[in-house]
Amino acid sequence: MNLKSILSCGAVAMIATLSACSGNGLTQSGLDPVKFDTTINQKPVKLYVLKNANDMEVCITNFGGRVVSITVPNKNGAPTDVVLGYDNIKQYADSVNSPSDFGAAIGRYANRINKGQLTIGGEKIQLPTNNFGHCLHGGPSGWQYQVYDANQTSDSTLVLTYKSPDGDNNFPGNVDVKVTFTVKSDNTLDETMEATTDKETVINMTNHSYFNLSGDPSKPGTNMVLWVNADKFTPSDSTYMTTGELRDVYGTPMDFTKKHALYETIGDTSFEQIKNAQGYDHNWCLNTYKDGKGDDTKVCASLYSPESGIYMEMFTNEPGVQVYTGNFLGTGVKGKHGIAYPKQASVCLESQKYPDSPNKKDWPSPYLKPGEKYFSHVAYRFSIK
């Protein structure tokens, strides 16, 4: 993060000096890799650092495939960490005292499945219910709490793999997963998610980074400017479950086809959808997805911070994006650099199949059969405006 916004000038000067010193062991974002070096489930865990020649650095732990920090230059050229998270593996692994999906490679099924129920091959399956009576993010021991095998193939690329056993949270099929992160020369974090199975199953992965582009996550991020290339969204009920309807955004606070700051509409509780979610926690149906195919060469959403000047564009081949505005933050749990993130300190832009797609037959299918390959792509490109 941009420490200038929260520390005294003297402390900032000291940290800048430390970061510039070779051999101090800290990443550009101020992380100590030693605090991520451990063993979980008898598998080694560590922090991997990716970078390019244009001052972009991304730190990832193979515990849950979590993006711990993304550092890019702000409008003044200062390195700025633009995602929330923890600065040690202990907190990431403590699902009781510091529960989070910060930065995770979510699976098997990102978002919610209604009452944890689905049918595959005529067989009714009951999944664990861990969120308002629904199955969220693959259940209580989803892939965000598993250790991926890691192979850093270059300074800019990390490949994570994981074998999910048949019956994992009661999902069928042995699933082989590969997640590839690449930091590109144009300051893009590119992520591909691939999977194969030996039994028919459902797969819906996502990147769950919490973005605050100002560099000061001690304050709400509602002054960030959002744009979503979507004419429709999927309404949800008071348990955050999609109703099955596709509704027009126009004339509602869900309309981000014209860029505007989140604070302009996020507090409009006269609109039932915002009241239900205590902000935004909804799926938008992307215009970049047509005839069963997503165009990941076109920008599907963007986010901008007037304070830092950092502008982020999102690309995906998926049909939807979940915009979540950190409505459940503000618990007092401290994140990186000892900061207690307030409510709505960030925005998640999660590429995905629509929530509860296994039970909505007219929606893009999340089913994966033996011999088929699941492929999901998302990219976040950073620049200055």
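(A) Broad picture of the side chain of Asn-276. Within the fold, Asn-276 resides in helix α3 (residues 272-277). Judged by relative accessible area, Asn-276 falls into the buried class, the value being 18%. Leave out the neighbours within four places in its chain, and Asn-276 touches Ser-236, Asp-237, Ser-238 and Tyr-240.

(B) Structural context of the packing of aromatic side chains. Inspection of the entire model under this criterion finds 18 aromatic pairs. An angle of 90° between the planes, with centres 6.0 Å apart, marks the rings of Tyr-210 and Tyr-324 as edge-to-face. Of this pair, Tyr-210 sits in strand β18 (residues 210-211) while Tyr-324 is found in strand β28 (residues 320-324), placing the two residues 114 residues apart along the sequence. Ring centres of Tyr-304 and Tyr-311 lie 6.4 Å apart, and the angle between their planes is 70°; on these two criteria the pair is classed as edge-to-face. Tyr-311 shares its class with Tyr-304; the two are buried. Through a chain of ring-to-ring contacts, the aromatic side chains of Phe-36, Tyr-86, Tyr-92, Phe-102, Tyr-210, Tyr-324 and Tyr-341 assemble into a single cluster.

(C) Expanded view of the environment of Phe-256. For Phe-256, the location among the structural elements is in the loop between β21 (247-248) and β22 (260-261). Between the C-alpha atom of Phe-256 and that of Val-228, which follows or precedes it by 28 residues, the distance is 5.2 Å.

(D) Spatial organisation of the confidence of the model for the protein chain. Chain-level statistics for the protein chain give a pLDDT mean of 94 and a share of 94% at 70 or above. Throughout residues 1-23 the model reports pLDDT below 50, and contacts reaching past four residues in sequence, or to other chains, amount to 28 contacts.

(E) How the structure looks around the sheet that holds β18. Taking strand neighbours across the sheet as the criterion, the six strands line up as β18-β29-β28-β23-β20-β21 in an open arrangement whose pairing is antiparallel. Two strands lie at the open edges of the sheet, namely β18 and β21, each paired on one side alone. Bridge analysis of strand β20 (residues 230-234) against β21 gives two bridges, and the strand direction is antiparallel. By the bridge assignment, Phe-233 is partnered in β21 with Arg-247.

(F) Examining the sheet that holds strand β4 (residues 57-61) more closely. Spatially, four strands are ordered β3-β4-β5-β6 in an open sheet, and the strand pairing comes out antiparallel. With one partner strand each, in any of the chains shown, β3 (47-51) and β6 (79-81) form the two edges of the open sheet. On average, adjacent strands in this sheet sit at an angle of 20° to one another, irrespective of strand direction. Note: β4 against strand β5 (residues 66-73), five bridges, orientation antiparallel. Within β5, the residue paired with Cys-59 across the bridge is Ser-69.

(G) A look at the nonpolar core. By size, the foremost hydrophobic cluster in this structure holds 58 residues, and its most contacted members are Ile-70, Met-205, Trp-284 and Phe-382. Examining the composition of this core, we find that five residues originate from one element, strand β14 (residues 175-183), more than from any other. Excluding residues that lie within four positions of it along the chain, Phe-382 makes contacts with Met-56, Ile-70, Val-72, Val-82, Asp-186, Asn-187, Phe-211, Leu-213, Ile-310, Tyr-311 and Met-312. Counting 22 residues, the second-largest nonpolar core is a separate cluster that includes Leu-31, Leu-84, Tyr-86 and Tyr-145.

(H) Highlighting the state of the cysteines. Across all of its chains, the model carries zero disulfides by this definition. Cysteine Cys-135 remains unbridged, with the sulfur of Cys-348 as its closest cysteine sulfur at 18 Å. Taking the relative accessible area as the measure of exposure, Cys-135 reaches 1% and is therefore buried. No disulfide involves Cys-285; its nearest neighbouring cysteine sulfur is the one of Cys-300, lying 13 Å away.

(I) Representation of the side chain of Asp-255 within the structure. With respect to the helices and strands, the residue Asp-255 is situated in the loop between β21 and β22. At 7.1 Å, Lys-258 is the nearest oppositely charged side chain to Asp-255, a buried residue that forms no salt bridge. Of the polar contacts made by the side chain of Asp-255, one reaches the side chain of Thr-257; its length is 2.5 Å. Residues contacting Asp-255, with those up to four places away along its chain left out, are Val-249, Tyr-250 and His-260.

(J) Molecular detail of unusual backbone geometry. Residue Gly-107 is joined to Arg-108 through a cis peptide bond whose omega torsion reads -5°. Backbone geometry places Asp-356, a non-glycine residue, at a positive phi of 65°. The topology assignment puts Asp-356 in the loop between β29 (347-352) and β30 (367-368).

(K) Spatial organisation of the pairing of strand β26 (residues 301-304). Neither face of β26 is left uncovered, since the one carrying Ala-301 and Leu-303 and the one carrying Ser-302 and Tyr-304 both have all their residues buried. Note: strand β19 (residues 225-228) against β26, four bridges, orientation antiparallel. Looking at β26, one finds that Val-228 is bridged to Ala-301. Relative to strand β27 (residues 310-316), β26 runs antiparallel, the two being bridged by four bridges. Paired with Ala-301 across the bridge in β27 is Met-314. A loop of five residues connects β26 with β27, the two strands running antiparallel in sequence, and Gly-309 in this loop sits at a positive phi of about 80°.

Calculation criteria
- Residues numbered from 1 in each chain as written.
- Predicted model: local features only at pLDDT ≥ 70, side-chain atom pairs only at ≥ 80, totals over all residues.
- Heavy atoms only, no water.
- Helix = DSSP H or I, 4+ residues; strand = E, 2+ residues; numbered from the N terminus.
- Buried < 20%, exposed > 50% of the residue type's maximum accessible area, 1.4 Å probe, protein only.
- Contact = heavy atoms within 4.5 Å.
- Phe/Tyr/Trp six-rings, centres within 6.5 Å; stacked < 30°, edge-to-face > 60°.
- pLDDT = per-residue confidence, 0-100.
- Pairing = 2+ DSSP bridges.
- Axes fitted to C-alpha atoms, helices over the stretch in contact; angles between N-to-C directions.
- Core = buried A, V, L, I, M, F, W, Y, C linked by side-chain atoms within 4.5 Å.
- Disulfide = S-S within 2.5 Å.
- Lys, Arg positive; Asp, Glu negative; His and termini not counted.
- Salt bridge = Lys/Arg side-chain N within 4 Å of Asp/Glu carboxyl O.
- Polar contact = N/O pair within 3.5 Å; in protein donor to acceptor, adjacent residues only side chain to side chain.

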